[in-house]
Amino acid sequence: LAKTTQPISMDSYEGQEVNITCSHNNIATNDYITWYQQFPSQGPRFIIQGYKTKVTNEVASLFIPADRKSSTLSLPRVSLSDTAVYYCLLLRDSSASKIIFGSGTRLSIRP
Amino acid sequence: DTAVSQTPKYLVTQMGNDKSIKCEQNLGHDTMYWYKQDSKKFLKIMFSYNNKELIINETVPNRFSPKSPDKAHLNLHINSLELGDSAVYFCASSLTAGGGTDTQYFGPGTRLTVL
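These lines cover the structure that appears in this document, whether it is placed above or below.

The rules behind the values
Residues numbered from 1 in each chain as written. Chains lettered and ligands numbered in written order. Predicted model: local features only at pLDDT ≥ 70, side-chain atom pairs only at ≥ 80, totals over all residues. Heavy atoms only, no water. 1 Å grid on protein atoms, 1.4 Å probe; cavity = no way out; pocket = protein on both sides within 12 Å on 5 of 7 lines; lining within 4 Å. Points joined across faces, edges and corners; volume = space filled by probe spheres on them. Helix = DSSP H or I, 4+ residues; strand = E, 2+ residues; numbered from the N terminus. Nonpolar A, V, L, I, M, F, W, Y, C, P; charged D, E, K, R; others polar. Disulfide = S-S within 2.5 Å. Buried < 20%, exposed > 50% of the residue type's maximum accessible area, 1.4 Å probe, protein only.

## Notes on the layout of surface pockets
Right, on to step 1. Roughly 630 Å³ of internal volume is contained in the largest pocket.
Right, on to step 2. Looking at the lining of the largest pocket, the elements that each hand over two or more residues are strand E8 (84–92) of chain A together with strand E5 (43–50) of chain B.
Right, on to step 3. The element best represented in the lining of the largest pocket is E5 of chain B, accounting for 4 residues.
Right, on to step 4. Across the lining of the largest pocket, the residue classes break down as 15 nonpolar, 7 polar and 8 charged.
Right, on to step 5. Taken as a whole, the second largest pocket holds about 510 Å³ of empty space.
Right, on to step 6. In this structure, the second largest pocket is lined by 28 residues; those nearest its centre are Pro40 and Ser41 of chain A together with Gln37, Lys41 and Arg111 of chain B.
Right, on to step 7. Within the residue set of the lining of the second largest pocket, elements represented by two or more residues are E8 and strand E9 (105–110) of chain A together with strand E9 (87–94) and strand E11 (110–114) of chain B.
Right, on to step 8. A total of 4 residues in the lining of the second largest pocket trace back to one element, the largest contributor, which is E11 of chain B.
Right, on to step 9. Split by residue class, the lining of the second largest pocket holds 12 nonpolar, 11 polar and 5 charged.

Rendered as C-alpha cells:
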C-alpha cells in the first residue's frame, strides 16, 4: 500500500480553521483517501473519505487536487475538543480491507 | 447503545500469565479486527475475521490466539504474557471485509499492563 506523509504535530487556537495536509505521491487508482481521528484514551473514529475533488460533511472538508498526490483535511472553527491525533490513510477498494496507520498528526487546540 | 464494546478496559497482570480480552459488536457487521497500539502510539492490525473465518493474520506471535464464537464476537487470548505485550488493544468491526470504503468502527480499547 502507498505511504502517506503528514506533519507530526500542529497547534492552533479556538475558532480558527485548521488545515492538515497529507502527501501520497504513490497513490493507486483504486485508493481512497480516508481520515480518522483519535482522542486520548479512545479508539480511532472515521471522519471523512474522498476519491477526488472536494468532500464535505458535518465534521470536516476534504480537498483533493486533480493529481491526487496530496489531500487537505480542513476543520472549520476548531474548539478545544478537536484536540486529537488525525490519521491520513489510503484504503484500497479490494478484498480484505486492512488499515495501516502511520504516526498521524497530533493537533493541539489552545484557548 | 455501545456499538463496539471491549472488556476489560484495564488489565494488569504478571509475566507468564494467560489472559483474554473480549469484544462484542451490535452493529450487525460481518467483519471484526484486533489492533495493537504500542507506547509510541503506532496502531497495527493483528487479526481480522469475516463471518467467523480468519482473513487477516499479521506477523503475530503464536501466543496470541483470536477466537470468534459468532460474527458478533471476537475474543483475543494471550498465553505466557511478556513485558512487550503491554499496549492498548483495540477491537474494530466493519460491515464487510471488502473495500476500502468500508468504515471500521473501533471499540474503546483495553489497556494491558504486564508486570
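Back to the write-up after that little detour.
## A short note on the state of the cysteines
Right, on to step 1. The tally for this structure, following the rule as stated, stands at 2 disulfides over all chains.
Right, on to step 2. In this model, Cys22 of chain A is linked to Cys88 of chain A through a disulfide, with the two sulfur atoms separated by 2.1 Å. Across the disulfide from Cys22 of chain A to Cys88 of chain A, rotation about the S-S bond amounts to roughly -85°, and the bridge is consequently left-handed. One end of the pair, Cys22 of chain A, is in strand E2 (residues 18–23); the other, Cys88 of chain A, is in strand E8, with 66 residues separating them in the sequence. Neither Cys22 of chain A nor Cys88 of chain A differs from the other in exposure class; each is buried.
Right, on to step 3. The disulfide partner of Cys23 of chain B is Cys91 of chain B, and the gap between their sulfur atoms is 1.8 Å. Taking the sign of the S-S torsion, -80° for the link of Cys23 of chain B and Cys91 of chain B, the bridge is left-handed. With Cys23 of chain B in strand E3 (residues 19–25) and Cys91 of chain B in strand E9, this residue pair connects regions lying 68 residues apart in the sequence. Each of the two residues, Cys23 of chain B as well as Cys91 of chain B, counts as buried.

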